[in-house]
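Next come the chains, spelled out residue by residue.
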Amino acid sequence: MSDPTCGVAHGHSAGEPAADRVLVAVFASPVAAALLRLGAECGYAPVLVDPAGREVDGLPEGTVVLTAVPDEPHADVVACDHHREELGEVLRDALAVRNRWIGVMGNPHHEGPHVAALAALGVADAEVARVHRPIGLNIGSRAPAEIAVSTLAGLLADRNGRPGGFDF
């Protein structure tokens, strides 16, 4: 029996990109641009959401730019800046529509500011618990591309039912 991933590694086509992968990066930033570029390479349809309409250079071709998280059941939603004033409202609205997964970047050693922001907006604890944090794999990332690799690896592991890391 042959391993189909081996053929891909040797340059054979993996077929059409996945039709059920949408990556929504929330808040324009260098990390969001890197995440969407790498996500597009992995078959995700890239979407940038910035409620203030801010722009960022380096988005992949075909990126959809919106001011609110879309109602998309195949979407992985990643808040790329936990310091933005609109974080609570954006996450509240993302929790109110269909999506596959929601996460917020940030230091795992501190409670995320989204918890208090969502509580202040009256969002139930069960809904707040749907927001993943930390996200990505623990690779010690610092630069935007490293953070994007970590985040995307974590999303792919989750989509594929894997824990991430080096356990096979």
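Residues numbered from 1 in each chain as written. Predicted model: local features only at pLDDT ≥ 70, side-chain atom pairs only at ≥ 80, totals over all residues. Heavy atoms only, no water.

A.B. asks: Give a description of the overall build of the chain that names residues and reports values.
C.D. replies: Counting its secondary structure elements, the chain contains six helices and six strands. Tracing the chain from N to C terminus, the helices and strands come up as α-β-α-β-β-β-α-β-α-α-β-α. In the chain, which comprises 168 residues, the proportion classed as buried is 40%. Taking contacts inside the chain between residues at least 6 apart in sequence as the whole, the part at least 24 apart equals 63%. (Helix = DSSP H or I, 4+ residues; strand = E, 2+ residues; numbered from the N terminus. Buried < 20%, exposed > 50% of the residue type's maximum accessible area, 1.4 Å probe, protein only. Contact = heavy atoms within 4.5 Å.)

A.B. asks: Tell me about the packing of aromatic side chains, residues and numbers included.
C.D. replies: This model, assessed by the stated rule, comprises zero aromatic pairs. It is Arg21 that lies over the ring of Tyr44; its NZ or CZ is 5.7 Å from the centre. (Phe/Tyr/Trp six-rings, centres within 6.5 Å; stacked < 30°, edge-to-face > 60°. Lys NZ or Arg CZ within 6 Å of the ring centre and 35° of its normal.)

A.B. asks: So, the packing of helix 3 (residues 87-95) against helix 4 (residues 113-120): which residues are in play, and what are the values?
C.D. replies: Two elements in contact, helix 3 and helix 4, have axes separated by 8 Å at closest approach and are oriented at 75°. It follows from the interaxial angle that helix 3 and helix 4 lie roughly perpendicular. Every residue of helix 4 that contacts helix 3 at Leu87, Gly88, Leu91, Arg92 and Leu95 is listed here: Pro113, His114, Ala117 and Leu118. (Axes fitted to C-alpha atoms, helices over the stretch in contact; angles between N-to-C directions. Parallel < 35°, antiparallel > 145°, perpendicular 65-115°, else oblique.)

A.B. asks: Outline helix 2 (residues 30-41), supporting the account with residue identities and numerical values.
C.D. replies: The end-to-end C-alpha distance of helix 2 is 17 Å, a good match for the 16 Å that 12 residues give at a rise of 1.5 Å each. Of all the residues in helix 2, the buried ones are Val31, Ala32, Ala33, Ala34, Leu35, Leu36 and Gly39. Count one or two residues on from helix 2 and you reach Gly43, which has phi positive near 95°. (Expected span 1.5 Å × (residues − 1).)

A.B. asks: Describe in detail the layout of surface pockets, supporting the description with residues and values.
C.D. replies: The gaps of empty space that remain are located by a probe, the size of a water molecule, rolled over the atoms. There is about 490 Å³ of room inside the largest pocket. Lining the largest pocket are 19 residues; nearest its centre among them are Gly106, Pro108, Ile135, Ser141 and Ser150. Sorting elements by how many residues they give to the lining of the largest pocket places helix 6 (residues 144-159) first, with three residues. Partitioned by chemical class, the residues of the lining of the largest pocket number nine nonpolar, nine polar and one charged. (1 Å grid on protein atoms, 1.4 Å probe; cavity = no way out; pocket = protein on both sides within 12 Å on 5 of 7 lines; lining within 4 Å. Points joined across faces, edges and corners; volume = space filled by probe spheres on them. Nonpolar A, V, L, I, M, F, W, Y, C, P; charged D, E, K, R; others polar.)

A.B. asks: Account for the pattern of salt bridges, naming residues and giving values.
C.D. replies: As enumerated under the stated definition, the model contains eight salt bridges in all. Across the pair Asp158 and Arg100 runs a salt bridge whose closest N-O atoms are separated by 2.9 Å. With a gap of 58 residues between them, Asp158 in helix 6 and Arg100 in the loop between helix 3 and strand 5 (101-104) connect regions that are remote in the sequence. For Arg100, a relative accessible area of 32% puts it in the partly exposed group. One network of salt bridges, in which partners are shared, links Asp76, Arg100, Asp158 and Arg159. (Salt bridge = Lys/Arg side-chain N within 4 Å of Asp/Glu carboxyl O.)

A.B. asks: Give me the lowdown on the packing of helix 2 against helix 6, citing residues and values where you can.
C.D. replies: Describing two packed helices takes the angle between their axes plus the distance from one axis to the other. Relative orientation of the contacting elements helix 2 and helix 6 amounts to 50°, with a least axis distance of 8 Å. The angle between the axes of helix 2 and helix 6 places the two elements in the oblique class. Handedness of the crossing formed by helix 2 with helix 6: right-handed. Residues Pro30, Val31, Ala34, Leu35, Leu38 and Gly39 of helix 2 form the contact with helix 6, whose participating residues are Pro144, Ala145, Ile147, Ala148, Val149, Thr151 and Leu152. Across the contact of helix 2 with helix 6, the residue classes break down as 11 nonpolar, two polar and no charged. (Left-handed = near helix turned anticlockwise from the far one by under 90°.)

A.B. asks: Would you mind going over helix 3 in detail, with residue names and values included?
C.D. replies: Buried within helix 3 we find Leu87, Gly88, Val90, Leu91, Ala94 and Leu95. Angularly, the buried residues of helix 3 cover 165° about the axis, an arc narrow enough to put them on a single face. Buried residues along helix 3 sit against strand 1 (22-26), strand 4 (75-79), strand 5, helix 4, helix 5 (125-128) and strand 6 (131-132). (Arc of directions from axis to C-beta.)

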